[in-house]
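Chain residues, written in single-letter form:
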Amino acid sequence: MIQAFGLTSNPRKAHPPAVNDVSFEAHAGRVTALLGAPRAGKTTALRLMLELQQGRGITHFRGRPLHRIAHPSREVGVLLGDVPGHPARSVRGHLRMLCAAAGVPARRADEVLEAVDLVGLREERLGTLSRGMDRRLGLACVLLPDPHTLVLDAPVEGLSAREARWLHGMLRVHAAQGGTVLFTTADPKEAARNADRVVTLEKGRLVADQEAVEFARTRLRARVAVRTPHAARLAALLAKEARTDRRSVEIVREEGNRLSVYGSTTADIGDVAFRHGILVHRLADEVGDMGPGAGTRPHDGERPVDGPELPGWPKPAHETPAGGQEQSQGSPEGVRLRPGRGLSVLRRQRADHESPLVTEAPDDPEVPLAVGAPSAATSPDLPGTPPAEDAPAPADGHPLESDAHTTGGPEPAAPTPGAEPPTPSPAQTPEATPTSAGPTGPATGRVPTARPGAGPSRRGTGSLSPGALSPLPPPISVRSTPSPLHPLRYELRRATGIGTGFLTCGVVLVVSAVTAVLLARIGHTPQARLFAAWPREAPLPPAALGAGLLGALAFGDEFRHPALAADRGSVPRRLGLLTAKLLVSGATALMLAFLTVGCDAEVLYVVYGRELAKVPADWLALSASWFGLVVGCAWAGVLAAGVFRSTTAGLAAVLAVPVVVVPVVQKMVGGPAVRTAAGLPVRMREVFLLQWPFGGERYLAVVARVLVQPVGGALTLSLTALLCAYLLTTLRSRVR
């Protein structure tokens, strides 16, 4: 379950806080809707709960705050917007990459693809997906670690009615299996249709916390849905009858032959239609504007063919209207979570999985209409089940207090647009409302908070004394995203999941071969530069530039498409992730350097013969210098992009080494030297009493020769400076 206490955002300048002292609960096995108009504070409340925004308050997910959960993605699945993956990455590749980040097997990607019905689009690129398919992919990303709690911000915004029904059906099944679901919406009818409990925000404050049935009855307009081939005639007769009786009746002509009548009853409309001989195909009471077909029930036999009947599944209708009901086309798929099995596909014939809020008019007009299906949380074998009404009183004899909306008292009135929210009575204020005795107690939605000046608490209510808590809730600190659980596997799948790396390597090989041929034709170019395709006028060879670009993309793409931290928009600066990126980029640079020299030598042999393809005498030192240059450029791109959070900055840092740093190093060492470091390997052996095996002095001399070169020394200094800057930014973010 979710327990939010005193959520308050930080005010900006003279503006009041977007969220002010919001407290509520979302129980396991139930779907909770956070309702509010635009700019009411819904998204801010979610961000405060998920510790994505600084403020005050505390939120417990099954009794623990988010920063104390070892693997938050396995406990809370978050969907706050579109999938921020690379547009060139395939759907399956994106999910496999996130599997490595979440520490789950790669086969989990195929399971969730089947669950969200994206198997046919698994090779599609993310940039080509429609909004409905993108939202399905977002839900698949959320379900990868099999979390207990789902938190979604406006999940059906911009979706078609069919996609919205499918998505809410998925959420309903997740809750039916014992999970907790919390979503935000600005549509009260959507909240009434698909939620078990509705928490209403207005101007950043909590104004109502009700069961969905009660919310629909007290805060939505009741209407009568009529379907008849003589809609215009019946509308005129109803308007005439209302004028005669001096009653206020509103008649709205819907699409087709449907009418929505506000201010009348099914009995009055049926009487008018009977007296004038008008054929009526449908006559039903509805709560709010449910849309066409919202109150239809599935026919007998329309049951999930896999698994037992779910709590809250609509029962078969024994009576149908005179005109019959329209059956939905197709058979969409839902998802049912099983312990130990992850996701399993659940097939059904019904398109709308949500609990209906409309019931056909019974024969007796005095019988009250049933609004809302039984919730999954009312099942005795699910957590969060409310106790029975005849539960025994506390031992001290004092009855427990409860809100007016839970005891049948006066219902809260619907807020008028533009008016201030009504002042609650002392019995309805959060200070006077007791909380539940435990995490599985009744969901009153009111959390007591101690404030200065609060009255004494009653015995047996569980209220806290004024001095028991601080007047202000604890501050919320924004923490960085944890590193991927398998960083090396994640980086390999990230690098190979798109064609940018392969395309860059191909372009580098072609440009290097052409440049080598042109340099050999012009002449006056040393053989080592021919193999590297490095003109004297160019700051770096094509292979070094390509390696630097690939290194910069390793971190630049993370900041541009933050798949690791979609809700934060940043990348976790962890040493494990940095090590994985350095290893992968270094291996790629080594392969690129080797292929470049091999291709250039082969092309020179084919075009000009064996003379230009001879191996130089000092090949060992030249090879070390070459590989060190290419790998150093790749690492410089990785570190610079990680520090400056940009691919362009990473590539600019690579170019700055020969253009800016090398001249500075040359000026520093260009003067006459009084002493040299000749014989350094021999003296190190004498000092440390080391016997270098297999001619180790030779390799050490090669390394020293590389470092004393202007480019080698400049690159070493640049890498050291960038690594220190990266470590400093990492430590600073952790301190914050």
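To be clear, the structure that these remarks concern was listed above.
These remarks concern the structure in this document. (Residues numbered from 1 in each chain as written. Predicted model: local features only at pLDDT ≥ 70, side-chain atom pairs only at ≥ 80, totals over all residues. Heavy atoms only, no water.)

Taken together, the buried positions of helix α10 (residues 266-275) are T266, I269, V272 and A273. In a view along the axis of α10, the buried residues occupy a sector of 135°, so they form one face of it. Trailing α10 by a residue or two, G277 shows a phi angle of about 65°, which is positive. (Buried < 20%, exposed > 50% of the residue type's maximum accessible area, 1.4 Å probe, protein only. Helix = DSSP H or I, 4+ residues; strand = E, 2+ residues; numbered from the N terminus. Arc of directions from axis to C-beta.)

Take the sheet that holds strand β17 (residues 475-476) next. What links the strands of a sheet is backbone hydrogen bonding, and the strands pair in either a parallel or an antiparallel sense. Taken together, four strands build an open sheet; the order of strands is β2-β1-β4-β17 and the sheet is antiparallel. In the strand order of this sheet, the two ends are held by β2 (22-26) and β17, each with one partner. Pairing between strand β1 (residues 2-9) and β2: four bridges, direction antiparallel. Of the residues in β2, the one forming a bridge with L7 is V22. The sheet strands contacting helix α1 (residues 42-49) are β1, β2, β4 (55-61) and β17, and the helix crosses β1 at an angle near 115°. (Pairing = 2+ DSSP bridges. Contact = heavy atoms within 4.5 Å. Axes fitted to C-alpha atoms, helices over the stretch in contact; angles between N-to-C directions.)

Let's shift gears to the nonpolar core. A general feature of soluble globular proteins is that nonpolar side chains tend to end up buried together. L95, L137, L152 and F555 are the most contacted members of the largest nonpolar core, which has 93 residues in total. Considering each element in turn, this core owes the most residues, 12 residues, to helix α16 (residues 619-644). Discounting chain neighbours no more than four positions away, the residues touching L95 are A109, V112, L113, L137, A140, C141 and L144. Of all hydrophobic cores here, the second largest spans 23 residues; its members include A45, L66, I69 and L201. (Core = buried A, V, L, I, M, F, W, Y, C linked by side-chain atoms within 4.5 Å.)

Side chains of Y605, V606, V607 and Y608 sit close together on the surface and give an oily, nonpolar patch of about 360 Å² of accessible area. Mapped onto the secondary structure, V606 falls in helix α15 (residues 575-608). When its relative accessible area of 62% is taken as the criterion, V606 is described as exposed. (Patch = residues over 30% accessible without salt bridge, like charges linked within 9 Å, V, L, I, M, F, W, Y side chains within 5 Å. Areas by Shrake-Rupley, 256 points an atom, 1.4 Å probe, with all protein chains shown as cover. Salt bridge = Lys/Arg side-chain N within 4 Å of Asp/Glu carboxyl O.)

With that out of the way, let us pick up the pairing of β1. Among the eight residues that make up β1, seven are buried, leaving the element largely enclosed by the rest of the structure. Two strands pair when backbone bridges link them, and β1 and β4 are joined in this way by six bridges, in the antiparallel orientation. Opposite I2, over in β4, you have F61 as the bridge partner.

Looking now at the environment of D557. Looking at the element boundaries, D557 is found in helix α14 (residues 542-560). For D557, a relative accessible area of 11% corresponds to the buried category. In the structure, D557 is positioned 472 residues away from G85 in sequence and 9.3 Å away in space, judged by C-alpha atoms. Excluding its chain neighbours within four sequence positions, the residues that come into contact with D557 are H86, R494, I498 and T647.

The next subject is unusual backbone geometry. Located in the positive-phi region is R39, a residue other than glycine, with phi close to 70°. Here R39 lies in the loop between β3 (31-35) and α1. Not every positive phi belongs to a glycine, and D117 is a case in point at roughly 60°. Mapped onto the fold, D117 is located in the loop between α4 (107-115) and α5 (131-143).

At their nearest, the axes of helix α3 (residues 91-102) and helix α11 (residues 487-496) sit 8 Å apart, and the two run at 165° to each other. Here α11 runs roughly antiparallel to α3, going by the angle between their axes. By crossing handedness, the relation of α3 to α11 is classed as left-handed. Contacts between α3 and α11 pair R96, M97, C99, A100 and A101 from the former with R489, Y490, R493 and R494 from the latter. (Parallel < 35°, antiparallel > 145°, perpendicular 65-115°, else oblique. Left-handed = near helix turned anticlockwise from the far one by under 90°.)

Take the packing of aromatic side chains next. Counted under the stated rule, the structure contains two aromatic pairs. Note on F555 and F559: the rings are 6.2 Å apart at their centroids and 35° apart in plane angle, and the pair reads as tilted. Taken together, the positions of F555 and F559, both in helix α14 and four residues apart, correspond to about one turn of that helix. Using a relative accessible area of 13% as the deciding quantity, one classes F559 as buried. Ring geometry for F555 versus Y726: centroids 6.0 Å apart, planes at 40°, classification tilted. Placement of F555 in helix α14 and of Y726 in helix α20 (residues 710-735) is noted, with a sequence separation of 171 residues between them. Each member of the pair, F555 as well as Y726, carries the same accessibility label: buried. (Phe/Tyr/Trp six-rings, centres within 6.5 Å; stacked < 30°, edge-to-face > 60°.)

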